[in-house]
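Given next are the chains, with one letter for each unit.
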Amino acid sequence: MTRGGRTELGDITPHNIKQLKKLNQVVFPVTYNDKFYKDVLEVGELAKLVGAVCCRVDTSENQRRLYIMTLGALAPYRRLGIGTVMLDHVLDICTKDGNYDNVFLHVQVNNEGAIKFYEKHGFAIVEEKKNYYKRIEPADAYVLQKTFRSKTDSKS
């Protein structure tokens, strides 16, 4: 596979959810519970497999937000544009929907590659959460966010 080649996104289904579990075990330093995978199956086209993106709608803080729970690719497939395709897919859904205030995610504070990736796509660090992660070091996370509309815009 080369950069610029065709990349297709497929849905996560009950038939391939075990593959997603294995991919997440290899890519991420945390373990996700069964509720995570139940949520993934419910979001349909917002969950995509050599990589995967999984999201959920968050209605906290009087906003409609999309939370990117995971976005990652297996090591041999990184730096081929797959992450960008997955992120663009999510951002396109948010834009077409028109009712999202922002999209946000957590990144481990020492993950400079991920931080640069998201900043390149218009995200900004908006908060640092101390001791966010359990059983991994460093335990702190940045909250990165891309805003579509301000809080005042969403109330009008």
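Keep in mind that what you see is a predicted model, and the values were worked out from it rather than measured. (Residues numbered from 1 in each chain as written. Predicted model: local features only at pLDDT ≥ 70, side-chain atom pairs only at ≥ 80, totals over all residues. Heavy atoms only, no water.)

A. Expanded view of the overall build of the protein chain. Along its length, the protein chain carries 5 helices and 5 strands. Going from N to C terminus, the protein chain has its helices and strands arranged as α-α-β-β-α-β-α-β-β-α. Here the protein chain, with 156 residues, has 42% of them falling under the buried criterion. Surface exposure of the protein chain reaches about 9300 Å², of which carbon and sulfur atoms provide 47%. (Helix = DSSP H or I, 4+ residues; strand = E, 2+ residues; numbered from the N terminus. Buried < 20%, exposed > 50% of the residue type's maximum accessible area, 1.4 Å probe, protein only. Areas by Shrake-Rupley, 256 points an atom, 1.4 Å probe, with all protein chains shown as cover.)

B. Here's a closer look at the sheet that holds strand S4 (residues 124–129). The strand order S1-S2-S3-S5-S4 describes an open sheet built from 5 strands, whose pairing is mixed. The sheet is open, and its two borders are formed by strand S1 (51–58) and S4, each paired with just one other strand. Neighbouring strand axes in the sheet, compared pairwise and without regard to direction, differ in orientation by 30° on average. Contacts from helix H3 (residues 82–97) reach S1, strand S2 (65–73), strand S3 (102–108) and strand S5 (141–147), with the element oriented near 165° to S2. (Pairing = 2+ DSSP bridges. Axes fitted to C-alpha atoms, helices over the stretch in contact; angles between N-to-C directions. Contact = heavy atoms within 4.5 Å.)

C. Main features of the packing of aromatic side chains. With the rule as written, the count across this model stands at 7 aromatic pairs. Centroid distance Phe 36 to Tyr 37: 4.8 Å. Interplanar angle 80°. Geometry classified as edge-to-face. Between the aromatic rings of Tyr 67 and Phe 104, the centroid separation amounts to 4.9 Å while the plane-to-plane angle is 40°, which identifies the pairing as tilted. Taken as a pair, Tyr 67 in strand S2 and Phe 104 in strand S3 lie far apart in primary sequence, 37 residues in all. Judged by relative accessible area, Phe 104 falls into the buried class, the value being 7%. Site record: aromatic cluster; members linked through ring pairs are Phe 28, Tyr 32, Phe 36 and Tyr 37. Note that Lys 21 overlies the ring of Tyr 37, its terminal NZ or CZ placed 5.3 Å from the centroid. Arg 64 extends its terminal NZ or CZ atom over the ring of Tyr 100, reaching a point 4.1 Å from the ring centre. (Phe/Tyr/Trp six-rings, centres within 6.5 Å; stacked < 30°, edge-to-face > 60°. Lys NZ or Arg CZ within 6 Å of the ring centre and 35° of its normal.)

D. Molecular detail of the packing of helix H1 (residues 17–27) against helix H2 (residues 34–42). Running from N to C, H1 and H2 point in directions that differ by 125°, and their axes come no closer than 11 Å. Of the possible angle classes, the one that applies to H1 and H2 is oblique. As for how H1 packs across H2, the hand of that crossing is right-handed. Between H1 and H2, the contacting residues are Ile 17, Leu 20, Lys 21 and Asn 24 on the first element and Asp 34, Phe 36, Tyr 37, Val 40 and Leu 41 on the second. Class assignment of the residues belonging to the contact of H1 with H2 gives a composition of 6 nonpolar, 1 polar and 2 charged. (Parallel < 35°, antiparallel > 145°, perpendicular 65-115°, else oblique. Left-handed = near helix turned anticlockwise from the far one by under 90°. Nonpolar A, V, L, I, M, F, W, Y, C, P; charged D, E, K, R; others polar.)

E. Spatial organisation of the pattern of salt bridges. Under the counting rule described, the total for this entry stands at 10 salt bridges. A salt bridge links Lys 38 to Glu 42, with the shortest nitrogen-to-oxygen separation between them at 2.9 Å. Of this pair, Lys 38 and Glu 42 both sit in helix H2, 4 residues apart, which is roughly one turn of that helix. Since its relative accessible area comes to 55%, Glu 42 is described here as exposed. In this structure, Arg 149 and Asp 101 form a salt bridge, with 2.8 Å as the shortest nitrogen-oxygen distance. Residue Arg 149 is located in the loop between S5 and helix H5 (151–154), and its partner Asp 101 is located in the loop between H3 and S3; the two are separated by 48 residues in the primary sequence. Residue Arg 149 is classed as partly exposed on the basis of its relative accessible area of 22%. (Salt bridge = Lys/Arg side-chain N within 4 Å of Asp/Glu carboxyl O.)

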